[in-house]
Amino acid sequence: MKISIQINEGPYQHQASDTAYQFAKAAIEKGHEIFRVFFYHDGVNNASRFTLPPQDDRNVVNQWAELGIKNVDGEPELVVCIAAALRRGMLDKSEASKNGIDGNNIHPAFRISGLGQLIEAGIQSDRLVVFGD
Amino acid sequence: MVTKKFIYLNRRSSFGTVYAIESLEVVLIAAAFEQDVSLAFIDDGVYQIVEGQNADGIGMKNFSKTFHALGDYDINKLYVSAESLEERGLNVDDLMPLVYEDEDDDWAEKPSVKVISNVELSKIMSEQDVCLSF
């Protein structure tokens, strides 16, 4: 089955991202395809490459990165909503240079894109599963 | 393009969290994809379409007027939980008079908002392909 995931909450404050990760991992192990993971609302904070949890804790960002969810062209299918991201200080190289900001914090396993990617995931997938309150 | 039935569940009030405005952003983007779109307002979500909102005092953007644009995007299936309204001491007259122009009826202006019971709402939800909850 082709499955997409939407995550609406940030890491560590809320378990949505952890549960979604466990779900995605189990689905892949069962032979399902994760078509896309879309990070929305505070969920965009799951994509910060500057995340440094204590050594005895899980690293939510790396967990996602290690799943290696990519499309056929090798582009990451961990997609961060651009509008929600910019509002919260999450930006990639291209958005940083466009806005004259000397830094960027999106982990390379993720990419920034528009809300259309969420709708497309809903259209293309057999299931779209939302994680959050 | 495949047409699927999308329902957006709005469960939180307009302000206090960002969910209401960011959900509305999704709905407006989704309109461009020509899908079969419904919106449901349940729990505190019913406050999102209460008439006469004013957010000046809290320094927020009053985005409630944007709901009037939904009709222009052919989004005219807005379901409101009767139970959620009643629990909050509200009725249909407290809600914005949201309308659309019915192409099949000589562009007559018709109400988009339908107050329905939770039982009816769950039936509508069970008929959808994609249910996004905010």
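Above this text is the structure in question.
Residues numbered from 1 in each chain as written. Chains lettered and ligands numbered in written order. Predicted model: local features only at pLDDT ≥ 70, side-chain atom pairs only at ≥ 80, totals over all residues. Heavy atoms only, no water.

**Q** Whenever I open this one, the overall build of chain A confuses me. Can you help?
**A** Helices and strands together make up the secondary structure of chain A, namely five helices and five strands. Order of helices (α) and strands (β) in chain A, N terminus to C terminus: β-α-β-α-β-α-α-β-α-β. Here chain A has a C-alpha radius of gyration of 14 Å; the compact-globule value for 133 residues is 14 Å, and the two agree. Considered along the principal axes of its C-alpha atoms, chain A spans approximately 45 × 35 × 30 Å. For chain A, the computed accessible surface area is about 6400 Å², with 46% contributed by carbon and sulfur atoms. The average position of the 13 basic charges and that of the 17 acidic charges among the side chains of chain A differ by 3 Å. (Helix = DSSP H or I, 4+ residues; strand = E, 2+ residues; numbered from the N terminus. Rg over C-alpha atoms; globule rule 2.2 N^0.38 Å. Areas by Shrake-Rupley, 256 points an atom, 1.4 Å probe, with all protein chains shown as cover. Lys, Arg positive; Asp, Glu negative; His and termini not counted. Charge placed at Lys NZ, Arg CZ, Asp CG, Glu CD.)

**Q** Would you take a moment to explain helix α5 (residues 116–124) of chain A for this structure?
**A** Residues spaced three or four apart along an α-helix point in a common direction, a consequence of the helix completing one turn every 3.6 residues. With seven of nine residues buried, α5(A) is to be regarded as a mostly interior element. When we look at burial in α5(A), the residues that qualify are G116(A), Q117(A), L118(A), I119(A), A121(A), G122(A) and I123(A). (Buried < 20%, exposed > 50% of the residue type's maximum accessible area, 1.4 Å probe, protein only.)

**Q** Looking at this structure, how should I read the nonpolar core?
**A** W64(A), F110(A) and Y8(B) are the most contacted members of the largest nonpolar core, which totals 68 residues. If we ignore the near neighbours within four places in the chain, the residues touching W64(A) are I7(A), S17(A), A20(A), Y21(A), A24(A), V37(A), F39(A), L78(A) and F110(A). Counting residues in each nonpolar core, the second largest holds eight residues, with I7(B), L9(B), A40(B) and I124(B) among its members. (Core = buried A, V, L, I, M, F, W, Y, C linked by side-chain atoms within 4.5 Å. Contact = heavy atoms within 4.5 Å.)

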